[in-house]
Amino acid sequence: MNITSTNNTCLPEKVVNPGWCPSHWDLLLCWRTSKPGTVVYQACFDELNGMRYDTSQNASRRCQSNGVWENFSDYMSCQPLDTNNSLYPDPSIVYTSYFYYGGYTISLVALVAAVSIFVYFKDLRCLRNTIHTNLMCTYILSDFTWILTSTLQEWLSASNNACVLFTFSLHYFVLTNFFWMFVEGLYLYILVVETFTRENIKLRVYMFIGWGFPLIIMIVWGVSKFITPIPVGIEEISDSCTWMTRPHPVHDWIYQGPAIIVLIVNLVFLSKIMWVLITKLRSANSAETQQYRKASKALLVLIPLLGVTYILTMVGPTESGTYANYYSYGRATLLSMQGFMVAIFYCFVNSEVKNTFKHHFIRWNDARNLRTGGSRRFTYSKDWSPNTRSDSVRWSMSRRLPSQV
């Protein structure tokens, strides 16, 4: 029996004895080079799926006599700590989930209202607002899918097919957020910088970029998840769906990488747009120029916001404690309120939307006054004027005068 080091790095040794089992990473632990015909033991992992495990127990794996590892590692001795209190999760986790639920609910209400405004008012129907609407729809879908997945987590753990569907959908909708933000930057860049090509890109091209590219990337991600074997023992150890866990972080870079690239490209677009607005358009004071400036300001706020929140989801404190809890609360707030910020900048503070509301309110108020005037003594047609009424009175008097003589 051998007991190996618990070092989790699996770098190949400089000198390897021929016929020995080489270093091997089974997605949970690293099994170092071992002599054939032996059973290798090492301490269990510290944590899995947010649950602490007893490291005083050992996992094992057999190096066969032909110098090849067996196909599975034995993790049956690895047991979670505080099993009696497993029904009572950490309060910080509960509070974090409250932040997520509250933020996503606020975002959903604001986004549904914003999309309804763009759909209802025909005055707002143009390519620019169609792009805004698609961006908001991606947030509606991702926020709603997160709420549904979190609410049905226990059921998804027991249904692998539903778990795969929900996990795939959630990652896909999140990725569409970034690609539609890229479409926002691309459209504004073409409108301000490359003005001669604005008619070359149609709506269907933007639709393919925003919805099609993320789908292709997620299909590649899903295939890689399917073809990568899951170590035997994870299903017994983990009660959650394996697609919701991260047994191999390399898979996540399949969709995280394009998202980061999109953010970088958008920052390049934004810098060029601001340069053009500062140098070439600062002397102009037309309504179109003002619209470009306002759209650029919205993009200037939203792109760094998306970038910061995305980085926070990847890098953060790993040890539990007060600072880690505050970090979790802040991250939950920023992530869940992204849709709300998009609705604010692209709809509620949009001057075009406010002018449309003002115009329709004036028309509604005028129509209301006309309906209210119908209960008065005189009814007026739409062609009525003061002169018309006085002429009618004089004509009526002229008919009565002969009978009174």
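Residues numbered from 1 in each chain as written. Predicted model: local features only at pLDDT ≥ 70, side-chain atom pairs only at ≥ 80, totals over all residues. Heavy atoms only, no water.

Side note on the overall build of the chain
And then number 1: A tally of regular secondary structure across the chain gives twelve helices and seven strands.
And then number 2: Burial statistics for the chain: of 405 residues in total, 39% are counted as buried.
And then number 3: Residue pairs at least 24 apart in sequence account for 68% of intrachain contacts in the chain once pairs closer than 6 positions are excluded.
And then number 4: Just so you have it, the chain exposes about 24,300 Å², and 61% of that area is on carbon and sulfur atoms. (Helix = DSSP H or I, 4+ residues; strand = E, 2+ residues; numbered from the N terminus. Buried < 20%, exposed > 50% of the residue type's maximum accessible area, 1.4 Å probe, protein only. Contact = heavy atoms within 4.5 Å. Areas by Shrake-Rupley, 256 points an atom, 1.4 Å probe, with all protein chains shown as cover.)

Let's talk about the pattern of salt bridges
And then number 1: Under the counting rule described, the total for this entry stands at one salt bridge.
And then number 2: Linking Glu352 and Arg128 is a salt bridge whose minimum nitrogen-to-oxygen distance equals 2.5 Å. You can see Glu352 sitting in helix H11 (residues 351-373) and its partner Arg128 sitting in helix H2 (residues 127-151), a full 224 residues away along the chain. Assigned by exposure class, Glu352 and Arg128 land together as buried. (Salt bridge = Lys/Arg side-chain N within 4 Å of Asp/Glu carboxyl O.)

Here we look at the state of the cysteines
And then number 1: Within this structure, the stated rule accounts for two disulfides.
And then number 2: Bridging Cys21 to Cys63, the disulfide has an S-S length of 1.9 Å. Residues Cys21 and Cys63 are joined through a disulfide that is right-handed, its torsion about the S-S bond being 95 degrees. With Cys21 in the loop between strand S1 (2-3) and strand S2 (24-25) and Cys63 in strand S7 (residues 58-63), the pair connects residues that are 42 residues apart, well separated along the chain. With respect to burial, Cys21 and Cys63 carry one shared label: buried.
And then number 3: The side chain of Cys44 participates in a disulfide bridge whose partner is Cys78; the two sulfur atoms lie 2.0 Å from each other. Between Cys44 and Cys78 the disulfide shows an S-S torsion of about -85 degrees. By sign, it is left-handed. (Disulfide = S-S within 2.5 Å.)

Quick word on a nonpolar patch on the surface
And then number 1: On the surface, Leu215, Ile219, Val223, Phe226 and Ile227 cluster together into a nonpolar patch covering about 510 Å² of accessible area.
And then number 2: For Ile219, the position within the fold is in helix H5 (residues 203-227).
And then number 3: A residue is classified by how much of its surface remains accessible, and Ile219, at 46% relative accessible area, is partly exposed. (Patch = residues over 30% accessible without salt bridge, like charges linked within 9 Å, V, L, I, M, F, W, Y side chains within 5 Å.)

A few points about the packing of aromatic side chains
And then number 1: According to the stated counting rule, one finds 20 aromatic pairs in the structure shown.
And then number 2: With 6.1 Å between their ring centres and 65 degrees between their planes, Trp180 and Trp211 make a pair best called edge-to-face. With Trp180 in helix H4 (residues 160-192) and Trp211 in helix H5, this residue pair connects regions lying 31 residues apart in the sequence.
And then number 3: On the basis of relative accessible area, Trp180 is assigned to the buried category, the value being 0%.
And then number 4: Ring geometry for Tyr187 and Tyr206: centres 6.2 Å apart, planes at 75 degrees, overall edge-to-face. (Phe/Tyr/Trp six-rings, centres within 6.5 Å; stacked < 30°, edge-to-face > 60°.)

Let's talk about the packing of H5 against helix H7 (residues 253-279)
The geometry of a pair of packed helices is captured by two quantities: the angle between their axes and the separation between those axes.
And then number 1: Taken N-terminus to C-terminus, the directions of H5 and H7 make an angle of 155 degrees; their axes are 9 Å apart at the nearest point. Considering their axes alone, H5 and H7 lie roughly antiparallel with respect to each other. Facing H5, whose interface residues are Ile217, Met218, Val220, Trp221 and Ser224, H7 presents Ile254, Tyr255 and Pro258.
And then number 2: For the contact of H5 with H7, the residue count by class is seven nonpolar, one polar and no charged. (Axes fitted to C-alpha atoms, helices over the stretch in contact; angles between N-to-C directions. Parallel < 35°, antiparallel > 145°, perpendicular 65-115°, else oblique. Nonpolar A, V, L, I, M, F, W, Y, C, P; charged D, E, K, R; others polar.)

Describing the packing of helix H1 (residues 91-120) against H2
And then number 1: Orientation of H1 relative to H2, taken along the N-to-C sense of each, is 150 degrees, at an axis distance of 9 Å. Between H1 and H2 lies a crossing of left-handed hand.
And then number 2: Class assignment for the residues of the contact of H1 with H2 results in 16 nonpolar, seven polar and one charged. (Left-handed = near helix turned anticlockwise from the far one by under 90°.)

Some remarks on the nonpolar core
And then number 1: In this structure, Leu135, Met136, Leu175, Leu186, Tyr206 and Cys347 are the most contacted members of the largest nonpolar core, which totals 55 residues.
And then number 2: Elements with a minimum of two residues in this core: H1, H2, H4, H5, H7, helix H9 (322-336) and helix H10 (338-348).
And then number 3: Top element by residues in this core is H4. It accounts for 17 residues.
And then number 4: Met136 has contacts with Leu111, Ala114, Val115, Phe118, Val342, Ala343, Tyr346 and Cys347, leaving out every residue within four places of it along the chain.
And then number 5: One finds Leu29, Val40, Phe45 and Leu48 within the second-largest nonpolar core, a separate group that totals 14 residues. (Core = buried A, V, L, I, M, F, W, Y, C linked by side-chain atoms within 4.5 Å.)

Considerations on the side chain of Thr138
And then number 1: Within the secondary structure, Thr138 is located in helix H2.
And then number 2: Judged by its relative accessible area of 0%, Thr138 is buried.
And then number 3: If sequence neighbours within four positions are ignored, Thr138 has contacts with Phe173, Thr176, Asn177, Trp180 and Trp211.

Observations concerning the environment of Glu184
And then number 1: Following the sequence through the fold, Glu184 ends up in helix H4.
And then number 2: Sequence separation between Glu184 and Leu135 is 49 residues; the distance between their C-alpha atoms is 8.4 Å.

Some words on H9
And then number 1: For H9, built from 15 residues, the straight-helix expectation of 21 Å at 1.5 Å per residue is met to within 8% by its first-to-last C-alpha distance of 21 Å.
And then number 2: Considered for burial, the residues of H9 that qualify are Ala324, Tyr327, Ser328, Tyr329, Ala332, Leu335 and Ser336. (Expected span 1.5 Å × (residues − 1).)

Side note on the confidence of the model for the chain
And then number 1: Summing up the model confidence of the chain, the mean pLDDT is 76 and the portion of residues at 70 or higher is 68%.
And then number 2: When pLDDT is averaged over each element of the chain, H2 comes out on top at 92 and S1 at the bottom at 38.
And then number 3: Low pLDDT, under 50, characterises residues 1-8; the predicted model gives this stretch 21 contacts beyond four residues in sequence or across chains.
And then number 4: Predicted confidence is poor over residues 375-405, with pLDDT under 50, and the contacts of this stretch with residues over four places away or in other chains come to five contacts. (pLDDT = per-residue confidence, 0-100.)

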